[in-house]
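# Observations on chain architecture
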Amino acid sequence: MNFDSNTQQRADLASSASEKLETQTAENQFLTPEMEAELVEEREFSRARTRGFITKADGEYALVSAEVAKGSSDKENYWTVGQLITVKVGTNRVVGLACDVRTLKESWVHDDVNRIEVKIELVGEIIAGRNGTPDRFSSGISNYPQMGCVAHRIRSSDLAVIYENSGESVVKVGELTQDSSVDAKIDVDKLLSRHFAVVGTTGVGKSTSVTLLMRKVIAARKDVRILMLDPHNEFSTAFRDHSVVVDSSNLLLPFWLFKLDEFAEVVFRGQEGFDSELELLRDLIPVAKEQYRADSEKKGGGLVRKQGKSNLTADMPIPYRLPDLLKAIDDRLGLLEGKAEKPHLRSLQYRLESISSDPRFRFMFDPGPGGDIMESIISKIFRVPMENKPICVLEMSGLPTEVVNSVVSVLSRLAFEIAINSDGGIQTLVVCEEAHRYIPADSSAGFWPTRQAIARIAKEGRKYGVYLSIITQRPGELDPTILSQCNTLFAMRLGNQRDQEIIRGAVTNGAKSTISFLSSIANRECIAFGEALNTPMRMTFETMRAEDLPGAHIYERQAQVKEGLEVSLSSVMRRMRQEDRKAGSQETYAGGEENASQMQEITKAKAPGLQPGDEINSILNAAYSPNNGSLNPQASAQGSTPPPTRKPTEPVPQQSDAAKERRAGVNNLIKSLRSG
């Protein structure tokens, strides 16, 4: 009875204080802060809630003294680390994060009142709205707490004010950990334009969170393409309806598209000490390009330009044939009988012949389409046009380890150059999974052109519409300069102390003490801060359907094996030997009927009882036939068979106006790329 009476009394007091505040505010819009604060305090103490009081404060932290009474429930006494606390300062509410809770004594008395002390980090202030305007949150604090100010656990309405994020490109990605009724939102425009990073140790849901973010990006920004560098082959099932998958079986990235440093990384397998051979390549590659240009002009019926000083360089993305390069080496060998360069030329010749015949490097020396296929490569990998599939997943686990750095360098460089030469019309988000492999903290490690290409995106990309996402489990091993360019960061569980220090140093606005929770937060949970959010938050990512999870095909196969599925060893061996590679002309890279007809002939020529490995052997035999002399190291550059002419009875396929315009645009883009 007494309890009901006290409850009713407090309710009446609260109602009276609220009515008095509303009445006086209506009568006098210029209510003095002192009068308003007095009424707010009267309303505050009329409520039945657990309170604490400020006993110490400085510019960064404050101490709250509170009592935990006998029989109090956990819900009433919400003094827990990681929770937000509000402190009444006049009409405003200063927000703090509880980072340390302790009793004033060394023991806990269960049957008595215990006094505790809560250390809070001051993170901002909720400014009360006036004249019907809503409350708003500011990361700055106008009035710091005085001694005796009332503190209590934050209300849901205040949490909503703190984490309010509105705008056309704002999307929900999860819920606040402290209160699941409050949405965790990010601004996609700011997320992209300022770059972002997702860090976390293995097994905390990092890849799943990245998948969720990518889905949110393509939903909010229809104009953005995504190039995902996937070293573990796990994202192909995560974007079934929104992506194309390029792997070792269908990747086509011809050697002439590589800059000299990138090509040398492949030829010399990342080893140093081959400066003489590198300089020979620098001199001879332009010779091979000139030969290809002359042959192309001759076949096209144009006038062959007079031989003079070449304006081509080894770095220009202009096609040339390997036989022309080998012939240039032979010619130079003939002029250098007994000279010191002869051993280097022989060594270089052997390296080129060896690597071009290595099946692992077939994506560079593909027996499919020859000639200038740059348009087809850009169209497929960089999704021009998108064709409702804005994501390209590049699976790299099947590529030779010594070529991965060069491939990442080429694609990162192309993404930047395409954005520049399209005047920002082709916007691409480059997602670097396991980024510490390509841009390690040790400047002497890794591959310098790769570091340079990614750093260029990080520093200048936002101006032209090429964006960067860094994904890593070891931020301490990542180049700190590039990580510092990622202005939004999602930090998931990290156990390594050095990694935690890297993240702590990246926090720019309040809530630094949240980093201390990094070693113990749950899976799918993260501490997010940066440009895409109004204020740092501890949040939990949304759950995703099992079929949309990265690596779902792996888990599905493992489940099938548990149910008795027998794995085909011959299939495994074919994949290990890369015998399932698809010829380039069968992909959308195809550049002409010559290559398509060659592959049709190869397919028709297969015997009905082929054994494992026979198919790839037939393709290789066709690749090294005279018709494919552009790839055969032993073939003569002048001995290549001209392309077959179209029969008069064959109809010429007509292109739509949109297709013609698109093709013209891509051709202009390629010309711009090569003019530099």
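Structure's up top.
For the rest of this paragraph, the subject is helix α11 (residues 401-421). The first and last C-alpha atoms of α11 sit 31 Å apart over 21 residues, in line with the 30 Å expected at 1.5 Å per residue. Counting buried positions along α11 yields 18 of 21 residues, so the element is predominantly enclosed.

The next subject is the side chain of S406. Residue position: S406 is located in helix α11. A polar contact of 2.9 Å, which involves the side chain of S406, links it to the backbone oxygen of E262. When neighbours within four sequence positions are excluded, S406 is seen to be in contact with F258, E262, E265, V266 and F447.

This part takes up the environment of G140. Turning to its location among the elements, G140 is positioned in the loop between β6 (136-138) and β7 (150-153). Residue G140 is classed as partly exposed on the basis of its relative accessible area, which comes to 33%. Between the C-alpha atoms of G140 and E125, which are 15 residues apart in sequence, the distance is 6.6 Å. Among all residues touching G140, those that are not within four sequence positions of it are G124 and E125.

As enumerated under the stated definition, the model contains 2 cavities of 30 Å³ or more in all. Here the second largest cavity defines a volume of roughly 30 Å³. By residue class, the composition of the lining of the second largest cavity is 4 nonpolar, 3 polar and 2 charged.

Attention shifts here to the pattern of salt bridges. Applying the stated criterion across every chain yields a total of 29 salt bridges. R321 is the partner of D295 in a salt bridge, and the nearest nitrogen-oxygen pair spans 2.3 Å. With a gap of 26 residues between them, D295 in helix α7 (residues 275-299) and R321 in the loop between α7 and α8 (322-335) connect regions that are remote in the sequence. For R474, the salt bridge goes to D499, with nearest N and O atoms at 3.1 Å. Of the two residues, R474 sits in the loop between β15 (466-472) and α13 (480-484) while D499 sits in helix α14 (residues 497-506), which places them 25 residues apart along the sequence. Its relative accessible area of 27% is what places R474 among the partly exposed residues. In this structure D499 comes out as buried when scored by relative accessible area, which is 2%. Within this structure, R93, D135, R155 and D158 form a network of salt bridges that share partners.

This part is about the nonpolar core. Counting 95 residues, the largest nonpolar core has L253, F263, M364, F382 and I470 as the members making the most contacts within it. Sort the elements by how many residues they give to this core and α11 lands first, with 11 residues. Ignoring any residue separated from it by four or fewer positions in sequence, one finds F382 in contact with R225, L227, I377, L411, L414, A415, I418 and T428. Among the nonpolar cores identified, the runner-up in size contains 51 residues, and V123, I218, M492 and C526 belong to it.

Before going further, it helps to spend a moment on α7. With 25 residues, α7 extends 37 Å between its outermost C-alpha atoms, agreeing within 8% with the 36 Å of an ideal straight helix rising 1.5 Å per residue. Along its length, α7 reaches its greatest deviation from straightness, about 25 degrees, at D283, and the proline P286 lies no more than four positions downstream.

The strand order across the open sheet formed by 11 strands is β9-β8-β18-β17-β16-β10-β15-β14-β11-β13-β12, and the pairing between neighbours is mixed. Of all strands in the sheet, those bounded by a partner on one side alone are β9 (183-187) and β12 (243-246). For this sheet, the mean angle separating the axes of adjacent strands, direction not counted, is 25 degrees. The pairing of β12 with strand β13 (residues 391-395) spans 4 bridges and is parallel. Bridge assignment links S243 to a residue of β13, and that residue is I391. Running over the sheet, helix α12 (residues 448-464) touches β14 (427-432) and β15 and is turned about 140 degrees from β15.

Let's shift gears to the packing of α7 against helix α9 (residues 342-356). Contact geometry for α7 and α9: axes closest at 9 Å, N-to-C directions at 75 degrees. Classed by the angle they form, the pair α7 and α9 counts as roughly perpendicular. Contacts between α7 and α9 involve S276, E277, L280, L281 and L284 from the former and H344, L345, S347, L348 and R351 from the latter. Across the contact of α7 with α9, the residue classes tally to 5 nonpolar, 3 polar and 2 charged.

About the criteria used
- Here, residues in each chain are numbered from 1, in the same order as that chain's written sequence.
- It should be noted that, the model being predicted, local features are given only for residues of pLDDT at least 70 and side-chain atom pairs only at 80 or more, the latter also being counted only at that level, while totals for whole chains, interfaces and linings use all residues.
- Only hydrogens and water are set aside when side-chain values are computed; all heavy atoms of the structure are taken into account.
- Helical segments are the DSSP runs of H or I of at least four residues, strand segments are the runs of E of at least two, and each set is numbered from the N terminus.
- Given a helix with a known number of residues, its expected span is that number minus one, times 1.5 Å.
- Accessible area is worked out with a 1.4 Å probe on protein chains only. A residue is then buried under 20% of its type maximum, exposed over 50%, and partly exposed in between.
- Residues adjacent in sequence count toward polar contacts only when both atoms are side-chain atoms; beyond that, a polar contact is any pair of N or O atoms within 3.5 Å, and within protein one must be able to donate a hydrogen and the other to accept it.
- Note on contacts: a residue pair is in contact if any heavy atoms of the two residues lie within 4.5 Å.
- Here a cavity denotes grid points, spaced 1 Å and computed from the protein atoms alone, that fit a 1.4 Å probe unable to get out, and a pocket denotes an open set having protein on both sides within 12 Å along at least 5 of 7 lines; residues with an atom within 4 Å of a point are the lining.
- Grid points are joined across faces, edges and corners, and a volume is the space filled by probe spheres set on the points.
- Gly counts as polar in this scheme, as do all residues outside two lists: the nonpolar Ala, Val, Leu, Ile, Met, Phe, Trp, Tyr, Cys and Pro, and the charged Asp, Glu, Lys and Arg.
- A pair is scored as a salt bridge if a Lys or Arg side-chain nitrogen falls within 4 Å of a carboxyl oxygen belonging to Asp or Glu.
- Each nonpolar core is a collection of buried residues, namely Ala, Val, Leu, Ile, Met, Phe, Trp, Tyr and Cys, held together in the definition by side-chain atoms within 4.5 Å.
- Bend at a given residue is defined as the angle between two axes, one fitted to the seven residues that end at that position and one fitted to the seven that begin there.
- Strands qualify as paired when DSSP identifies two bridges or more between them.
- Each axis is a line fitted through C-alpha atoms, and for a helix only the stretch in contact is used; angles between axes span 0 to 180 degrees, taken between their N-to-C directions.
- These descriptions rest on fixed angle ranges, namely under 35 degrees for roughly parallel, over 145 for roughly antiparallel, 65 to 115 for roughly perpendicular, and the rest for oblique.

So, to be careful, I would describe these as geometric facts and stop short of saying anything about function.
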